[in-house]
Amino acid sequence: MGPDQLAALVDRYAAALVLYARQWCACPEDVVQTAFLKLVRIGTPPDNLLPWLYRVVRNGAIDASRAARRRTRYESAAADNAPKWFSPSYDPTGLDAQAASASLAHLPAETREIIVAHLWGGLTFEQIAEAVGSSAATCYRRYAAGLEVLRQKLGAERPAHAK
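Residues numbered from 1 in each chain as written. Predicted model: local features only at pLDDT ≥ 70, side-chain atom pairs only at ≥ 80, totals over all residues. Heavy atoms only, no water.

Novice: Describe the packing of helix 5 (residues 109–119) against helix 7 (residues 136–154), listing the residues and the values that go with them.
Specialist: Packing of helix 5 against helix 7 leaves a shortest axis separation of 9 Å and a crossing angle of 95°. With respect to their mutual orientation, helix 5 and helix 7 come out roughly perpendicular. Residues E110, T111, I114, I115, H118 and L119 of helix 5 form the contact with helix 7, whose own contacting residues are C139, R142, Y143, G146, L147 and L150. Counted by class, the contact of helix 5 with helix 7 contains seven nonpolar, three polar and two charged residues. (Axes fitted to C-alpha atoms, helices over the stretch in contact; angles between N-to-C directions. Helix = DSSP H or I, 4+ residues; strand = E, 2+ residues; numbered from the N terminus. Parallel < 35°, antiparallel > 145°, perpendicular 65-115°, else oblique. Contact = heavy atoms within 4.5 Å. Nonpolar A, V, L, I, M, F, W, Y, C, P; charged D, E, K, R; others polar.)

Written out as structure tokens, the structure is:
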């Protein structure tokens, strides 16, 4: 893989991968960077590159989270400053980013990761299924159920085409 190909992949997928990794760890940028370094080291990219990246990021983020918990056990510092899921910005839709972050954080981890991967990562349910080791149908059911919970918590209306 050449430097131009790698740069294009980073430009296209890094932000979504960082958001995806943020579910598990406080150092998502490091995890994503490590995933891209692993891609460079293997030489020939895998056939299903995007799900492979998501799986490597997911595993790396979970490992980083475990390491952080071990460190916290031995250190006295508190770790309550988790990074925000959304950057503060003007949102013409009226979405309250803090309420959305809190609602998303209260979803089961499996549901949350599917919603983040699909909405912000742009992955298909087949790609998500490959990344998380599930079926596309199960991923879709969790996604739909999670969106319904979020709609209820945030007081959002169902789109007219979904009624």
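Novice: Run through the pattern of salt bridges, naming residues and quoting values.
Specialist: Taken as a whole and judged by the stated rule, the model has four salt bridges. As a salt-bridge pair, R22 and E29 come within 3.3 Å of each other at their nearest N and O atoms. You can call E29 partly exposed: its relative accessible area is 46%. (Salt bridge = Lys/Arg side-chain N within 4 Å of Asp/Glu carboxyl O. Buried < 20%, exposed > 50% of the residue type's maximum accessible area, 1.4 Å probe, protein only.)

Novice: Please set out the confidence of the model for the chain residue by residue, giving values where relevant.
Specialist: Of all residues in the chain, 82% have pLDDT values of 70 or greater, and the mean over the chain is 85. Ranking the helices and strands of the chain by mean pLDDT puts helix 2 (residues 28–42) first, with 96, and helix 4 (residues 97–105) last, with 81. Counting contacts from residues 76–81, a segment whose pLDDT is below 50, to residues more than four positions away or on other chains yields one contact. (pLDDT = per-residue confidence, 0-100.)

Novice: Before we move on, can you summarise the packing of aromatic side chains with the specific residues and values?
Specialist: Overall, the coordinates contain five aromatic pairs when judged by the stated rule. For the pair Y140 and Y143, a centre-to-centre distance of 6.5 Å together with 40° between the ring planes defines the contact as tilted. Here Y140 and its partner Y143 are both found in helix 7, three residues apart, which amounts to about one turn of the helix. Taking relative accessible area as the criterion, Y140 reaches 45% and is therefore assigned partly exposed. The buried category is assigned to Y143, whose relative accessible area is 12%. A connected cluster of aromatic rings, assembled from ring pairs, spans Y20, W24 and Y54. (Phe/Tyr/Trp six-rings, centres within 6.5 Å; stacked < 30°, edge-to-face > 60°.)

Novice: Account for helix 2, naming residues and giving values.
Specialist: With 15 residues, helix 2 extends 21 Å from end C-alpha to end C-alpha; this agrees with the ideal 21 Å at 1.5 Å per step. Inspection of helix 2 places P28, V31, V32, A35, F36 and L39 among the buried residues, and these make up the whole buried set. End-on view of helix 2: buried residues confined to an arc of 135°, all on one side of the axis. Exposed and oriented more than 90 degrees from the buried face of helix 2 are Q33 and R41. Positive phi appears at G43, one or two residues downstream of helix 2, with a value of about 80°. (Expected span 1.5 Å × (residues − 1). Arc of directions from axis to C-beta.)

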